[in-house]
Amino acid sequence: MLRAAQTTWKTDTGRQRRDNEDSAFAHAPMFVVADGMGGARAGEVASKLATEAFEQSLPGPGSPEERLAQRAREANRLIHERSRAEHERAGMGTTLTAAYLQDAQLAIAHVGDSRAYLFRDGSLGRLTKDHTLVGALVDEGKLTEEQAADHPQRSIITRALGPEASVEIDTWSYPVRAGDVLLLCSDGLTSMISDERIAEILSATEGLERAADELIRAGNEAGGRDNITVVLTRLEESGVGTGAEEQTVVGLRVPGPAASGPRAGRPARRRRHVKPLAAVLATLIVLFLIGAGGWLATRQLYFIGTNPQAMVTVYRGLPYDLPAGIRLYETFYVSGLPAQLVPADRRASVLDQHLRSQSDASALVRDLELGKVSG
Ligand code: CA
């Protein structure tokens, strides 16, 4: 049986973008990278929705590949529905590269041009195929890999989660073994440095944390034109005792007679430590918003829900109750329409408390009152 001995992930905005639209999730046995696209920070939303979908355990039954693909299709639906419901998120999308370790097999689900690599015995093998325009031309023999790497249109992808109601997901399974290092990354890395350079860095660097830093540094040094995200995990036999574990946590170097360098630095970053922190941060941010006069800003936000009398209602603010009975919203307009008269198949999408502009929220409720929104 194999397990992830050590896992890390890092993301960097790069040198030329203002926002980071990449997202990642790495908590064995699940590893995910998503690279979002779409104006007004919609890409950030899309990639986050994609990675969040993989934070829960996979749906069953079925093979790991089928279960990954099913989750990816769910993520696609979620992003697509959101992009249709929110005007400013129209057309948003994201790449997805998700890997799942079960026994000695790595299952991968993939859409777009993020990549998965396996680093073994000092050499780097690519596990995914880019869904790009130039990738298709390479397949057809019209471009070489080298020409593709420099092609001006190399970042045009032909498949993504979100833009369409359905999406084709590629899946593969690979046998893996102790000592293998899995690398997932966004194209912000691979469009900046070659596979050879990546292999060089993985060979020469001690420890996953430092390797991740080095990869990002190299991407930035080469120009850093895009957001760079890397997920790294190293596999080992489970049941290895702590003494042996310290031995094997030594860097990424191919174990040789002299494999006794310094121990890897920090322990793996574990999601279970991150999550409560995220909740605390979210609360702090909300409190800060209120305290710093952000309350004014929240008054520009509206959502639709139902009031205690089950009437369709437009609220101003954010759909959250804080502890101590603090509400971040107030009633803006109570319609004459009982929620049960909203067509059943539209009820969830209308009353889901998505944030809308005042005009969107008001127009939608007006149309509902006039019976214009049919099932
Ligand atoms: Ca990118």
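As shown above, the structure is provided for reference.
Each value, and the rule that gives it
Residues numbered from 1 in each chain as written. Predicted model: local features only at pLDDT ≥ 70, side-chain atom pairs only at ≥ 80, totals over all residues. Heavy atoms only, no water. Donors = N, O, S within 2.8 Å, 3.2 Å for Na, K, Ca; no water. Helix = DSSP H or I, 4+ residues; strand = E, 2+ residues; numbered from the N terminus. Buried < 20%, exposed > 50% of the residue type's maximum accessible area, 1.4 Å probe, protein only. Contact = heavy atoms within 4.5 Å. Arc of directions from axis to C-beta. Phe/Tyr/Trp six-rings, centres within 6.5 Å; stacked < 30°, edge-to-face > 60°. Pairing = 2+ DSSP bridges. Axes fitted to C-alpha atoms, helices over the stretch in contact; angles between N-to-C directions. Expected span 1.5 Å × (residues − 1). Core = buried A, V, L, I, M, F, W, Y, C linked by side-chain atoms within 4.5 Å.

1. A few points about the coordination of the calcium ion
Here is step 1: For the calcium ion, every protein donor is listed as Asp35 (OD), Asp35 (OD), Asp187 (OD) and Asp226 (OD), and the spread of their distances is 2.2 to 3.1 Å.
Here is step 2: All donors of the calcium ion come from a single chain, and their spacing in sequence reads D-x151-D-x38-D. Here Asp226 lies in the loop between α7 (208-221) and β11 (228-237) and Asp187 lies in helix α5 (residues 187-190), a separation of 39 residues in the sequence. Of the two residues, Asp187 and Asp226, neither departs from the other in class, the shared state being buried.

2. Here's the deal with the side chain of Arg71
Here is step 1: Secondary-structure assignment places Arg71 in helix α2 (residues 64-85).
Here is step 2: What makes Arg71 buried here is its relative accessible area of 7%.
Here is step 3: Residues contacting Arg71, with those up to four places away along its chain left out, are Ala53, Phe54, Gln56, Ser57, Leu58 and Pro59.

3. Looking at helix α6 (residues 195-204)
Here is step 1: Of all the residues in α6, the buried ones are Ile198, Ala199, Ile201 and Leu202. Angular distribution of buried residues about the axis of α6 spans 160 degrees; they occupy a single face of the element. Summarising the geometry of α6, the exposed residues directed more than 90 degrees from the buried face are Glu196 and Ala204.
Here is step 2: On its buried face, α6 is in contact with β7 (115-120), β8 (123-126), β10 (181-185), α5, α7 and β11.

4. Description of the packing of aromatic side chains
Here is step 1: Taken as a whole, this structure holds 2 aromatic pairs when the rule is applied.
Here is step 2: Judged by centre distance (4.9 Å) and plane angle (70 degrees), the ring pair of Tyr302 and Phe332 falls under edge-to-face. In this pair, Tyr302 sits in strand β12 (residues 302-306) while Phe332 sits in strand β14 (residues 326-338), placing the two residues 30 residues apart along the sequence.
Here is step 3: The exposure class assigned to Tyr302 is buried, which follows from its relative accessible area of 4%.
Here is step 4: For the pair Phe303 and Tyr315, a centre-to-centre distance of 5.3 Å together with 20 degrees between the ring planes defines the contact as stacked. In this pair, Phe303 sits in strand β12 while Tyr315 sits in strand β13 (residues 311-322), placing the two residues 12 residues apart along the sequence.

5. Digging into unusual backbone geometry
Here is step 1: Residue Pro29 is reached from Ala28 by a cis peptide bond, and omega for that bond is 10 degrees.
Here is step 2: With an omega dihedral of -5 degrees, the bond running from Gly60 to Pro61 counts as a cis peptide bond.
Here is step 3: Considering the arrangement of structural elements, one finds Pro61 in the loop between α1 (42-53) and α2.
Here is step 4: Of note in this structure, Asp103 is not a glycine but carries a positive phi near 55 degrees.
Here is step 5: For Asp103, a relative accessible area of 43% translates into the label partly exposed.

6. Structural notes on the sheet that holds β8
By definition, the strands of a sheet pair up through backbone hydrogen bonds, in either a parallel or an antiparallel sense.
Here is step 1: Read from one edge to the other, the open sheet built from 5 strands follows the order β1-β11-β10-β7-β8, with strand pairing classed as antiparallel. Of all the strands in the sheet, the pair left with one neighbour each is β1 (2-12) and β8. If you compare each strand with its neighbour and ignore which way they point, the axes differ by 20 degrees on average.
Here is step 2: As paired elements, β7 and β10 share 5 bridges and run antiparallel to each other. Paired with Arg115 across the two strands is Cys185, which belongs to β10.
Here is step 3: Where α6 meets the sheet, its contacts fall on β7, β8, β10 and β11, and the angle it forms with β7 comes to roughly 50 degrees.

7. Observations concerning α2
Here is step 1: Taking 1.5 Å as the rise per residue, α2 with 22 residues should run 32 Å; its terminal C-alpha atoms sit 32 Å apart, in good agreement.
Here is step 2: Turning to α2, its buried residues are Arg67, Leu68, Ala69, Arg71, Ala72, Ala75, Asn76, Ile79, His80 and Ser83.
Here is step 3: Elements that come into contact with the buried residues of α2 comprise β3 (30-37), α1, β4 (93-94), β5 (96-102), β6 (105-111) and β9 (170-175).

8. Quick look at the nonpolar core
Here is step 1: In terms of nonpolar packing, the biggest core is built from 27 residues, with Met30, Phe54, Leu68, Leu96, Leu161 and Ile169 touching the most fellow members.
Here is step 2: Sorting the residues of this core by element identifies β3, α1, α2, β5 and β6 as the ones contributing at least two each.
Here is step 3: Top contributing element to this core by residue count: α1, with 6 residues.
Here is step 4: Non-local contacts of Phe54, meaning those with residues more than four positions away in its chain, are made with Phe25, Met30, Val32, Leu68, Arg71, Ala72, Leu96 and Ala98.
Here is step 5: Core analysis: the second largest hydrophobic core is formed by 22 residues, Tyr117, Leu189, Met192 and Val230 among them.

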